[in-house]
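# A closer look at the structure
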Amino acid sequence: MLFIDEAKIYVRSGKGGDGCVSFRREKFVPKGGPDGGDGGNGGDVVLIGDDSVNTLLPIAAHPHIRAGSGVQGTGSKMHGAGGEDKVIAVPVGTIVVDDETGEPVADITAHGQRMIVAHGGRGGLGNDRFKSATNQAPRESTPGGEWEDRTLRLELRLLADVGLVGKPNAGKSTLVRAISRATPRVADYPFTTLEPCLGIVELDIQRRLVFADLPGLIEGAAEGAGLGHEFLRHIERTSVLLHLIEPQPMDGSDPATNYHAIRSELHRYSSTLAQKQAIIALSKIDMIPAEQRQKVIAEISSELGLSDADQVYAFSSASGEGISALLEACWATCKRPAPGWTANRS
Ligand SMILES: Nc1nc2c(ncn2[C@@H]2O[C@H](COP(=O)(O)OP(=O)(O)OP(=O)(O)O)[C@@H](O)[C@H]2O)c(=O)[nH]1
Ligand SMILES: [Mg+2]
């Protein structure tokens, strides 16, 4: 599933410093010549591709970006200082569009790629620049160039790494809420989630996974039951499926039957999806009394009819139990290249 991370930013470059009109005034030097210095150039706003940045969230949180203004020139041919550039690190893969015109401005495709998105005004010229054989005492100077401001839309397209599947109410959205900043709706009725939603999960600073929360699937989805299964196309390109199973379903159904129903819907949708690597996890284990947990997990695991190599994870979004082990498993599986999977990050 394609995830579009977006930020709208307001950039303003620095104004150029004005040129200065000044004449040399020194003892014993009558009628000193012009010595007004130039103004400094205004700073640019620059975007730079950075591999270590992987989301536009921090940029979206501080959308007003201003470079420094150039300082005005002074006498004694002193040039004003240049305004400071403002350099913003953006993830590689960021597309920049002018928000007013819709015109593409930049496509940051490499680490270290720089792009000036608002040019600083040029420094004005001091009167020293205007002296000539016929005009020894010019009173001219030029003002600093104006700043440039524009509104830009930044877009980062990502593919989800982990696609969540399971029956309605399995706890998919709750998990995404617990592990990311995404806030999909959660409620104790089926089909709370009507549209896929993505959340970025940071295992630590360097490791990030994009999770896709999907609507629940039910038997007969292929024929249009429930929300149908059209939305499954969103997870066809994820690296792994995370299949959630409620150990004690709220509707009184059987966990193993639910598991097989989902498997068969996946299969009916596409063989790509059916063959995709899947991690199986029992949700809401806080609802099972601690002393019964191991037994219940073992029972359900054996009913699923999995091969011995398949581990069944168990977790609770409510208590946080088992979540880090589950995320580590997702990470390990995503990073293990599967047939047909190409890495979408360096
Ligand atoms: N006790 C407990 N309740 C949970 C946990 N996770 C989810 N729930 C509850 O289970 C119900 C369904 O959760 P959702 O996250 O909306 O389930 P879903 O799989 O996204 O459901 P659909 O979007 O309808 O497919 C809600 O009432 C949640 O509060 C958990 O770890 N522990
Ligand atoms: Mg949901």
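What you see is a predicted model; the values in this text were computed from it and never measured.

Calculation notes
- Residues numbered from 1 in each chain as written.
- Chains lettered and ligands numbered in written order.
- Predicted model: local features only at pLDDT ≥ 70, side-chain atom pairs only at ≥ 80, totals over all residues.
- Heavy atoms only, no water.
- Salt bridge = Lys/Arg side-chain N within 4 Å of Asp/Glu carboxyl O.
- Helix = DSSP H or I, 4+ residues; strand = E, 2+ residues; numbered from the N terminus.
- Core = buried A, V, L, I, M, F, W, Y, C linked by side-chain atoms within 4.5 Å.
- Buried < 20%, exposed > 50% of the residue type's maximum accessible area, 1.4 Å probe, protein only.
- Pairing = 2+ DSSP bridges.
- Axes fitted to C-alpha atoms, helices over the stretch in contact; angles between N-to-C directions.
- Domains from an automatic or database assignment.
- Contact = heavy atoms within 4.5 Å.
- Buried area = accessible area lost by both parts, 1.4 Å probe.
- Near = heavy atom within 4 Å.
- Polar contact = N/O pair within 3.5 Å; in protein donor to acceptor, adjacent residues only side chain to side chain.
- Areas by Shrake-Rupley, 256 points an atom, 1.4 Å probe, with all protein chains shown as cover.
- Nonpolar A, V, L, I, M, F, W, Y, C, P; charged D, E, K, R; others polar.

## A word on the pattern of salt bridges
The full count for this structure, using the stated rule, is 13 salt bridges. Salt-bridge contacts for Glu-299 lead to Lys-295; the nearest nitrogen and oxygen are separated by 3.7 Å. With Glu-299 and Lys-295 both in helix 5 (residues 290-303), this residue pair falls 4 residues apart, about one helical turn. Via salt bridges that share partners, Lys-8, Asp-99 and Arg-153 belong to a single interconnected network.

## Some details on the nonpolar core
Core analysis: the biggest nonpolar cluster contains 25 residues, and Leu-175, Phe-211 and Leu-242 have the highest contact counts within it. Sort the elements by how many residues they give to this core and helix 6 (residues 323-335) lands first, with 7 residues. Grouped together as the second largest cluster of nonpolar side chains are 20 residues, Ile-59, Val-90, Ala-118 and Leu-152 included.

## Quick notes on the sheet that holds strand 7 (residues 114-118)
Read across the open sheet, the 3 strands follow the order 4-2-7; overall the sheet is mixed. Edge positions in the sheet fall to strand 4 (86-90) and strand 7, since each of these pairs with one other strand and no more. Averaged over all pairs of adjacent strands, the angle between strand axes in this sheet comes to 30°, irrespective of strand direction. Relative to strand 4, strand 2 (residues 45-49) runs parallel, the two sharing 5 bridges. Paired with Gly-49 across the two strands is Val-90, which belongs to strand 4.

## Things to note about the domain arrangement of the protein chain
Considered domain by domain, the protein chain is made up of domain 1 (2-157) and domain 2 (160-335). Here the C-alpha centroids of domain 1 and domain 2 sit 50 Å apart. Listed per partner, the contact involves 6 residues of domain 1 and 7 residues of domain 2. Of the roughly 570 Å² buried at the junction of domain 1 and domain 2 (both faces included), carbon and sulfur atoms supply 60%.

## A few points about the site of ligand 1
The immediate surroundings of ligand 1 are formed by 23 residues, with Lys-172, Thr-174, Phe-191, Thr-193 and Asp-286 found nearest. Within the backbone of Ala-318, an N or O atom sits 3.2 Å from an oxygen atom of ligand 1. Across the complex, the protein chains shield 87% of the 650 Å² of accessible surface that ligand 1 would expose by itself. Of the residues in the shell around ligand 1, the class split is 9 nonpolar, 9 polar and 5 charged.

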